[in-house]
Amino acid sequence: MDLEARSLQPNVKVVLLAKLREYKSDLNNLKSEHKRLASANSNQAARDDLLESGMADAMSVSANQRGRLMMSTERLNESSDRIKECRRTMLETEELGVSILQDLHQQRQSLLHANDTVFLLLKVPYRLHLLTGKFEGKDERKRLMRKGGRKNK
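Just so you know, these numbers come straight off a predicted model, no measurement behind them.

Here is what the cut-offs are and how they apply
Numbering of residues starts from 1 in each chain and follows the order in which that chain's sequence is written. Confidence filtering applies because this is a predicted model: local features only for residues at pLDDT of at least 70, side-chain atom pairs given and counted only at 80 or more, and all residues used for totals across whole chains, interfaces and linings. Values shown for side chains rest on all heavy atoms present in the structure; no hydrogens or waters enter the calculation. Each helix corresponds to a stretch of at least 4 residues labelled H or I by DSSP, and each strand to a stretch of at least 2 residues labelled E; elements are numbered beginning at the N terminus. Accessibility throughout is a Shrake-Rupley quantity obtained with a 1.4 Å probe, and a residue counts as covered only by protein chains that appear here. Every case where a carboxyl oxygen of Asp or Glu lies within 4 Å of a side-chain nitrogen of Lys or Arg is listed as a salt bridge. Only protein chains enter the accessibility calculation, which uses a 1.4 Å probe; a residue whose area is less than 20% of its type maximum is buried, one above 50% is exposed, and one in between is partly exposed. Think of a patch as exposed residues, more than 30% relative accessible area, with no salt bridge, where like charges cluster within 9 Å and nonpolar side chains (Val, Leu, Ile, Met, Phe, Trp, Tyr) cluster within 5 Å. Per-residue confidence from the predictor is given as pLDDT, running between 0 and 100.

(A) Representation of the overall build of the protein chain within the structure. Scanning the protein chain from N- to C-terminus turns up three helices and zero strands. When the elements of the protein chain are put in sequence order from the N terminus, they spell out α-α-α. Working note: accessible area of the protein chain is about 14,400 Å², and carbon and sulfur atoms make up 60% of it.

Given below as structure tokens:
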């Protein structure tokens, strides 16, 4: 373009060369603006890449934390279930123990009643002896006392 403008008539040549210089300066300005924006975009792209990788790291850390939290929650739920099961077993055992103690109490009462009955039945011959004045083996006892008394003399 520059060569064509120089080969023209001088009055047209001056106007066209001025416009050509203006266009060249605009072109240089646009090139420098493009370079600046391109470098800014590359910096921005690099920054975005870093942020995306940082976000990916943050997301993986978040996913890792979420996984650990879910595992902990699951273990907590399992422990709660085991505690409930142990509590249920403890209550059943307690009920069984109370039932056994009640049975033992009834058996004790039966034994005490039987003991009282036997004691009363054993007292009857002694009371009869007091009433009648007779006691089986009374003569035998007297004989042993006499015999023992002679040996000492």
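(B) Region of the structure containing the pattern of salt bridges. For the structure on display, the rule yields two salt bridges. Of the charged contacts in the structure, one is a salt bridge between R88 and E92, with a shortest N-O distance of 2.5 Å. Residue R88 and its partner E92 are both found in helix α2 (residues 10-132); the two are separated by four residues, about one turn of the helix. You can call E92 partly exposed: its relative accessible area is 43%.

(C) Region of the structure containing a nonpolar patch on the surface. A cluster of nonpolar residues, L96, I100, L101 and L104, forms a patch on the protein surface that exposes about 400 Å² of accessible area. Within the secondary structure, I100 is located in helix α2.

(D) Inspection of the confidence of the model for the protein chain at higher detail. Overall, the predicted model of the protein chain reaches an average pLDDT of 78, with 70% of residues at or above 70. By mean pLDDT, the top-scoring element of the protein chain is α2 (83), and the lowest-scoring one is helix α3 (residues 138-152) (59).

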